[in-house]
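Survey of secondary and tertiary structure
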Amino acid sequence: PFAVHLSGTKYGCGVGGCGACTVMLSTYDPIAKKIRHHPANSCLLPISSLHGAAVTTVEGVGSIKNRINPIQERLAKCHGSQCGFCTPGMVMSIYALLRNHVKPSMEQIISALDGNLCRCTGYRPIIDSYASFAKQTCCQLRGTGQCCLDQEELGLIKLFILTFLKTYKSLSFPPQRIVQEQQRKTLIFCSKRTTWISPSTLKELLELKAKYPKAPLVVGNTSLGLKKNDCDAYHPVILHPLRIPEMQVFSITDDGIVIGAACCLAQLRDILMETIPKLPEEKTKIYQALLQQLRTLAGEQIRSMASLGGHVVSRGSAWDLNPILSAGKSVLNLASDGGKRQIFLNDQFLAGHKHADIEPKEVIVSVLIPYSTKDEFISAFRQADRQKNAFSIVNAGLRVLFSPGTDTIVDLSILYGGIGSTTLSARKSCEKLIGRQWNDQMLSEACKLVLEEISLPPSASGGKVEYRRTLLVSFLFRFYLEVLHGLHQMYPFRYAELSQDKMSALGMLQSGVPQGVQVYQDVDPGQSPQDPVGRPVMHQSGIKHTTGEAVYIDDIRPVDGELSLAVVTSVKAHAKIKSIDISEALQVPGVINVVTAKDVPGKNGNDEEEAFAKDKVFLALREVICVGQIICAVVAETLTQAKCGAKKVKIAYEDLQPVLTIKDAIKHNSYITKERKLEKGDIEKGFKSADKIIEGELHMGGQEHFYLETNSVLVIPRMEDKEMDVYVSTQHATDVQKLVASALNLQSNKIMCHTKRVGGAFGGKITKPSFFAVIAAVAANKTGRPVRFALERDMDMLITGGRHPFFGKYKVGFMKDGRIMAADFQCYINGGCTKDESELVIEYIVLKVDNAYNIPNLRVRGHACKTNLPSNTAFRGFGFPQAGLFVETCIVAVATKTGLPHEKVREINMYKGVNRTAFKEKFDAENLWKCWKECLVKSDYHSRKTKVEEFNRKNYWKKKGIAIIPMKFSVGFNATYFHQAGALVHIYLDGSVLVTHGGIELGQGIHTKMLQIASRELKIPLSYIHFCETSSTTVPNGKYTAGSVGTEINARAVQDACQILWKRLDPIRRKNPKGKWEDWISEAHKKSISLSATGYFKGYVTDMNWESKKGHAFPYFLYGAACSEVEIDCLTGAHKNIRTDIVMDASFSINPAIDIGQIEGAFIQGVGLYTLEEIYFSPEGEQLTLSPDTYKIPAVCDIPEQFHVYLLPNSCNSIAIYSSKGVGEAGFFLGSSVFFAIRDAVAAARKERGLPLDFTLNSPLTVERIRMACDDIFTKMVSVPFPQK
Ligand SMILES: Cc1cc2nc3c(=O)[nH]c(=O)nc-3n(C[C@H](O)[C@H](O)[C@H](O)COP(=O)(O)OP(=O)(O)OC[C@H]3O[C@@H](n4cnc5c(N)ncnc54)[C@H](O)[C@@H]3O)c2cc1C
Ligand code: FES
Ligand code: FES
């Protein structure tokens, strides 16, 4: 790829989980004489597999240089990109879909995006932009009857379709490839270690397999390819059977469907979808079950690459098709040079029993999937952490065959995945049940037998033991009911229909096609059409994101002599370093050097952190204080060599006692800072006056930033004066500059930091990038060569830390009417091993914990715990998401105790009118109430609540829940100097304008808004103005871009610079009022008027005095409210987000499209924190969730089916520029409305089951927590002691 420099395709994870690397593959099938187009994850594609294929990258779809494609244009115009890092992958997924289906359905569009993650947008605008390609093209502007696409664009789409049919088809598949494929030669590719052979006949493949029995058959490489990062794992010979006709067959025989083993899972799905309607229904039961699994299995890219044969043979524990193929008695057609034979794909094959397995010389040629019969029932189930593109936690394939016309069991198969190392069968249980009637007694015995037979000891790997055991019987129960339902349908007079209660257990929850509404205020009709402020202007880099022309750090072309860097990190949470042996690493070919703490010429750490850690913090020397701490770095000619070198470094440790959890830290009195405390009123008096007092606790897990672009830096030493250029993905270039300079013992003026854009940050790139930049700079200094350091996803997740886990204890006194009289809160966060931002985070928790509630007597104490975990850091919302959830939990507890509706308790306790916070800051709650009331109306809360209750009365196994949450969000920082900002504006002689400022583009559209501001202030069109990059050479000492105020403070600086320039042009303008801008500029130059100005903003005046506990801690407040409705499946714990309505007081939005994008994106991130994202650590303190496989951020399937965002009209803010408000973070906390809606649903289930309602639900509310909270007969079955064998 470096030869052609196609850097549009992005690298986000390397394991097929994020979709950033999506390309389209086109291959010619000489037998069908067809070209097949499909999306693929290029990170898993072996280069040799591409021979004969055409690869289309985003550059081939369209570019600014040539012509952009409507897929790209539409996505950019619909504001479907923010940081843009996921965007080329999104474009490619849809492009591949449209190549196969010119008019896809909305379901196909959504499913095409299953495998693409976006951390910024919340997906809604992406879906909207592609809706225009769907069969039902017109969006009808949500019921207005008008279409959002103007005629010109509709024309473009038609043109696009025509272009597809006529031009692109032939363009992307060169005719010479077709000729090559028709020749069908054996292809052999050799590298130093591996020979790749792609035979074209089965005979040849079998000969090769006989010769190389250990050689794997690589088809999709989605199983084998995951081990590619291990430099010691390789195969001397690899066979690639994709071109063998017999392995690509599809035929319908007397016994069932035969499908070639090299067919991919997407082909299997398409074949089944086409075949099922043509067959009698009774014959298709296994096919229907397979289809159900295929809908949620992986993403479309993986489904298009992974083969049926690879799936069957690799026998992964959680593979979804094997249980059902086995239950359905599928047969494997095998071949070897010795002949052909058939074996059953049964439990013994899956268990790898020698007598039932394939021989090393054999290959699976095809799979026979038999027809079902009339008296047979087959079902498949799966439950994963996320509905789609996530491995199953448990899956199942179940089949029963009855004696004709009866419910007497003749044959029964029950298989589970996700329990052992491969699919397990409850064979013995099934045998015992043969001959039994299909009734409740049979079910209860079946549950007992299965729980005894399917072994899952409490210490089983993967954890979640009780939950997984519950799923075993919950699936069995659902199957039992499905069969009863089926029997009734077949023999309505013999078998009774299921009761409504039982019917509600049937069917898995599936999200529908999401739809959105966004409402904002139009600009004043008198505003000049040229003035872009207040208008939904497209992101300045939007088109470049979609074409892949936007450049991120790792897209910068390699520079002469560049080296790659890989780090060696601690495997111990707390230990002394006894020795570091780099000798073997230096022997690895290509390794140039190893950098340790001794190579740092200046300071090896930020003063504060270093003192805190009692050691060096950039590169550890004597002691390690967490797993993942960097000890040394290997620099080599290539990244692979650097990684191999890093593996060879040997470190000897002497273990020390680690402290890992908040509980441990409290026990050991291990804190980062002194207690932070606020008090209001008289707490003791408050408790005395209360009718009741309750106490409780809340635990919240942390959160990974999971920005799509991992931390990346490129350091280029200059030839003179020890200068260095540092290209870095950061929110805080000044910190990078300062720390690199101090590590190299240089003045800051020698270090030039450049940041064009950052592929997502969310707070995670404030303090951490300096570490990586320093290490790369030290390596560059030592070797004298440029050094590139782009972290792999697992390394980034291992090293960097994330949102602080939280533990809160509350005591709340309240009256019978719901009034809270007093509250005593103890808040703890797990800060990890160094200070980082933990002190500020705990301060913000203490300051913000009241949220929207006026608690007259309040005491809040906050503690930041010091542990041996990677140091946690800033994350969108900065403590408020934890604090807000905590106080809302208290409100729910009060509502539960008083029996009052939750929204009533909220209203009673909400701030009213002009008020003061606990730290005496004055504010007016008018807009809080406006948002709240508007949200009640817009969401139709009360009538929907009644409907939810009605639904819950009728459905025992499915419950709905609804919740409305108010929000008071404080914007900015509690110190003035944090808000300062600078800008530099140049006007060139042709009239064009270059704007620079200290803010960094993180996807939040800061530059777009700056251009809008410059356009208004200088009264020139946007097309005159350009932004180039954020650089320490143009605007020095920028504060970090964060706290929701990055845009408005830099905007003030840009405004200042523009106003200075406008004023300088005043005399010229007055002289020639009718003149053009260009004339004025030229005249000004002749008059020696400077056409360059710096602008500066001193910052909002804020302060907080922790001694007096008083302050004007935040510049202003922002209000909002959100109402969410969900449905949960009590049997599995799955939930579906039905609808969310958000009302946000964004005041006058400078760019409503960008602001709504921020609100939606933050909301979905919040939904991730509160319901999905879970970090696991080993008991030794090692983070186990290090990739998208194990750590699930929200995907397309997680957004509400109806997602409505309203910006509160007629609101103003005298503090920020143009009366705007900073909305970057506020939407995040509103994601908690989903948390509380789920809680509401769980409460409905518990109420019906007669369980206590004062239960606590910790965050995140994962499928496991939801299921286990809906306590029932099945959870009780598994809570009995584990059977001893
Ligand atoms: C990101 C991601 C998400 C996934 N999500 C899911 C999911 O949700 N559910 C699920 O069930 N699975 C999931 N998978 C797993 C996927 O189904 C399997 O990896 C896939 O089916 C393997 O097929 P392959 O062609 O890629 O195998 P390869 O990696 O090419 O080969 C795997 C093994 O099979 C052997 N083999 C292949 N074909 C034959 C043959 N014809 N005869 C004999 N041996 C053969 C090879 O020798 C090799 O050892 C996921 C995988 C990834 C990477
Ligand atoms: S980089 Fe390939 S899927 Fe993430
Ligand atoms: S825009 Fe999708 S990850 Fe940033």
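Just so we're clear, the structure is a prediction, and the values are computed from it rather than from any experiment. (Residues numbered from 1 in each chain as written. Chains lettered and ligands numbered in written order. Predicted model: local features only at pLDDT ≥ 70, side-chain atom pairs only at ≥ 80, totals over all residues. Heavy atoms only, no water.)

Concerning the site of ligand 1
Put simply, the rule is: Being near a molecule or strand, for a residue, means having at least one of its heavy atoms within 4 Å of it. Between N or O atoms, a polar contact is any pair within 3.5 Å; within protein, one atom must be a potential hydrogen donor and the other a potential acceptor, and residues adjacent in sequence are included only when both atoms are from side chains. In short, Shrake-Rupley with a 1.4 Å probe defines the accessible areas, and a residue's cover is counted only from the protein chains shown. The secondary structure listing takes helices from DSSP runs of H or I that are at least 4 residues long and strands from runs of E that are at least 2 residues long, numbered from the N terminus.
Around ligand 1, the structure places 30 residues, and the nearest of them are L217, V219, T222, S307 and D320. Between ligand 1 and S223, the relevant distance is 2.9 Å, taken from an oxygen atom to a main-chain nitrogen or oxygen of the residue. Here an oxygen atom of ligand 1 sits 2.7 Å away from a polar atom, N or O, in the side chain of S307. Here ligand 1, which alone exposes 980 Å², has 95% of that area covered by the protein. Sorting the residues of the shell around ligand 1 by element identifies α12 (308-314) and β11 (363-370) as the ones contributing at least two each. Broken down by element, the residue count for the shell around ligand 1 peaks at 4 residues, all from α12.

Let's talk about the UniProt feature "binding site: substrate" (unreviewed entry) in the protein chain
How we decide: UniProt positions are given in the numbering used here, feature names are shortened, and annotations may be inferred rather than shown by experiment. Classification of residues uses two cut-offs on accessible area relative to the type maximum, computed with a 1.4 Å probe and protein chains only: under 20% is buried, over 50% is exposed, and between them is partly exposed. We call two residues in contact when some of their heavy atoms are within 4.5 Å.
Sites flagged by UniProt as "binding site: substrate" (unreviewed entry) map to F878. With respect to the secondary-structure elements, F878 resides in the loop between β31 (857-865) and α29 (880-898). Residue classification places F878 among the buried positions, given a relative accessible area of 11%. Excluding anything up to four places from it in sequence, F878 contacts R803, E837, L840, V841, Y844 and E1225.

Digging into the pairing of strand β35 (residues 981-987)
The condition is simple: Any two strands between which DSSP finds at least two bridges are classified as paired.
Of all 7 residues that make up β35, 6 are buried, and the element is covered over most of its length. Two strands pair when backbone bridges link them, and β35 and strand β39 (residues 1092-1097) are joined in this way by 6 bridges, in the antiparallel orientation. What sits directly across from L984, in β39, is T1094. Here β35 runs beside strand β36 (residues 993-997); their pairing, made up of 5 bridges, is antiparallel. Each residue of the ladder has a partner; that of A983, found in β36, is H997. Where β35 hands over to β36, the hairpin turn is made up of 5 residues, of which G991 adopts a positive phi near 95 degrees.

A short note on the packing of helix α9 (residues 265-275) against helix α10 (residues 285-296)
Inclusion rule: Lines fitted to the C-alpha atoms define the axes, with helices restricted to the stretch that makes contact. Angles between their N-to-C directions range from 0 to 180 degrees. For classification purposes, angles smaller than 35 degrees are called roughly parallel, those larger than 145 roughly antiparallel, those between 65 and 115 roughly perpendicular, and all remaining angles oblique. Crossings are classed by handedness, with left-handed meaning an anticlockwise turn of the near helix from the far one by less than a right angle and right-handed meaning a clockwise turn. Polar here means any residue other than Ala, Val, Leu, Ile, Met, Phe, Trp, Tyr, Cys and Pro, which are nonpolar, and Asp, Glu, Lys and Arg, which are charged; Gly is therefore polar.
The interhelical angle for the contact between α9 and α10, taken along N-to-C directions, is 135 degrees, at an axis separation of 10 Å. Relative to α10, α9 is oriented oblique. As α9 packs across α10, the resulting crossing turns out to be left-handed. Of the residues in α10, those touching α9 at L265, L268, R269, L272 and M273 are Y287, L290, L291 and L294. Classifying every residue of the contact of α9 with α10 gives 8 nonpolar, no polar and 1 charged.

Comments concerning helix α26 (residues 768-783)
This is how it is decided: Multiplying 1.5 Å by the residue count of a helix minus one yields the expected span of that helix.
Between its first and last C-alpha, α26 extends 23 Å over 16 residues, near the 22 Å set by a 1.5 Å rise per residue. Burial within α26 is extensive, with 12 of its 16 residues counted as buried. Among all positions in α26, only K768, P769, S770, F772, A773, V774, I775, A776, A777, V778, A779 and A780 are buried. Looking one or two residues beyond α26, the residue adopting positive phi is G784, at roughly 75 degrees.

Observations regarding the sheet that holds strand β1 (residues 22-29)
The strand order β2-β1-β3 describes an open sheet built from 3 strands, whose pairing is antiparallel. Both outer strands of the open sheet, β2 (34-41) and β3 (54-56), are each paired with one neighbouring strand and no more. Mean inter-strand twist for the sheet, computed between neighbouring axes without regard to direction, equals 25 degrees. Across 8 bridges, β1 lies against β2 in antiparallel orientation. Looking across to β2, one finds that S26 is bridged to H37. Of the strands in this sheet, β1, β2 and β3 touch helix α3 (residues 87-100), which is tilted by about 30 degrees from β1.

What about the nonpolar core?
Worth spelling out the cut-off: For this analysis, a nonpolar core means a set of buried residues of the types Ala, Val, Leu, Ile, Met, Phe, Trp, Tyr and Cys, connected via side-chain atoms within 4.5 Å.
Core analysis: the biggest nonpolar cluster contains 267 residues, and Y130, Y416, W438, V812, F825, W1077 and M1144 have the highest contact counts within it. Residue contributions to this core peak at 14 residues, all from helix α17 (residues 465-490). Counting 64 residues, the second largest nonpolar core, distinct from the first, contains C21, A215, M247 and L279.

Focus: the sheet that holds strand β12 (residues 376-384)
The antiparallel open sheet is built from 4 strands, whose spatial order is β12-β13-β14-β15. With partners counted over all chains shown, the strands left at the sheet margins are β12 and β15 (424-425), one partner each. As defined by bridge partners, strand β13 (residues 392-402) adjoins strand β14 (residues 409-417) across 8 bridges and the pair is classed as antiparallel. When the sheet's bridge partners are listed, N395 is paired in β14 with G417. In this fold α10 packs onto β12 and β13, with an angle of close to 10 degrees to the strand it touches most, β12. Packed onto the sheet, α17 meets β12, β13 and β14 and runs at close to 145 degrees relative to β12.

A look at the side chain of S81
As for its placement among the helices and strands, S81 is situated in the loop between α2 (70-77) and α3. Once residues lying within four places of it in the same chain are set aside, the contact partners of S81 are L75, T87, T121, H539, G542 and H545.

A few points about the pairing of β1
β1 sits mainly inside the fold: 6 of its 8 residues count as buried. Linking β1 to β2, which pair antiparallel, is a turn of 4 residues; within it K33 sits at a positive phi near 55 degrees. Note that β1 and β3 share 3 bridges and pair antiparallel. Across the sheet, L25 pairs through a bridge with V55, a residue of β3.

Section: the packing of α2 against helix α5 (residues 124-131)
Each pair of packed helices can be summarised by the angle the axes make with each other and by the distance between the axes. Across the interface, α2 lies against α5 with an axial gap of 8 Å and an inter-helix angle of 135 degrees. With respect to α5, the axis of α2 lies oblique. Handedness of the crossing formed by α2 with α5: right-handed. Taking contact as the criterion, the partners of I71, R74 and L75 in α2 are, on α5, I126, S129 and Y130.

A few points about the environment of N927
Checked against the element boundaries, N927 lands in helix α31 (residues 926-938). For N927, a relative accessible area of 13% puts it in the buried group. The sequence separation of N927 and M1144 amounts to 217 residues, and the corresponding C-alpha distance is 9.4 Å. Among all residues touching N927, those that are not within four sequence positions of it are Y1119, D1145, L1208 and S1211.

A few points about the confidence of the model for the protein chain
Any residue range with low pLDDT should be treated as having predicted coordinates unsuitable for detailed reading. Rules: pLDDT expresses how confident the predictor is about each individual residue, on a scale running from 0 to 100.
Looking at the protein chain as a whole, its pLDDT mean stands at 94, while 95% of the residues score no less than 70. Scored below 50 in pLDDT, residues 138-156 makes 23 contacts in the model with residues more than four places away or belonging to other chains.

Things to note about a positive patch on the surface
Note the cut-off: Candidates for patches are residues over 30% relative accessible area with no salt bridge; among them, like charges are joined within 9 Å and nonpolar side chains (Val, Leu, Ile, Met, Phe, Trp, Tyr) within 5 Å. Any carboxyl oxygen of Asp or Glu that lies within 4 Å of a side-chain nitrogen of Lys or Arg is treated as forming a salt bridge with it. In this charge count, Lys and Arg are treated as positive and Asp and Glu as negative; neither His nor the chain ends contribute. Working definition for charges: the position is that of NZ of Lys, CZ of Arg, CG of Asp or CD of Glu.
On the surface, R916, K920, K922 and K1110 cluster together to form a positively charged patch. With respect to the element layout, K922 can be found in strand β33 (residues 922-924).

A few points about the UniProt feature "binding site: FAD" (unreviewed entry) in the protein chain
The sites that carry the UniProt feature "binding site: FAD" (unreviewed entry) are, in the present numbering, L217, V218, V219, G220, N221, T222, S223, L224, D320 and R382. For the residues just named, distributed over 166 residues, the greatest C-alpha separation reaches 27.9 Å, placing them at more than one site. Within the secondary structure, N221 sits in the loop between α8 (202-211) and β6 (237-239). For N221, the contacting residues outside a window of four places in its chain are L44, P46 and L226. Checked against the element boundaries, D320 lands in the loop between α12 and α13 (321-327). Ignoring sequence-local partners within four residues, the contact set of D320 consists of Q293, L297, H311, R382, S392 and N395.

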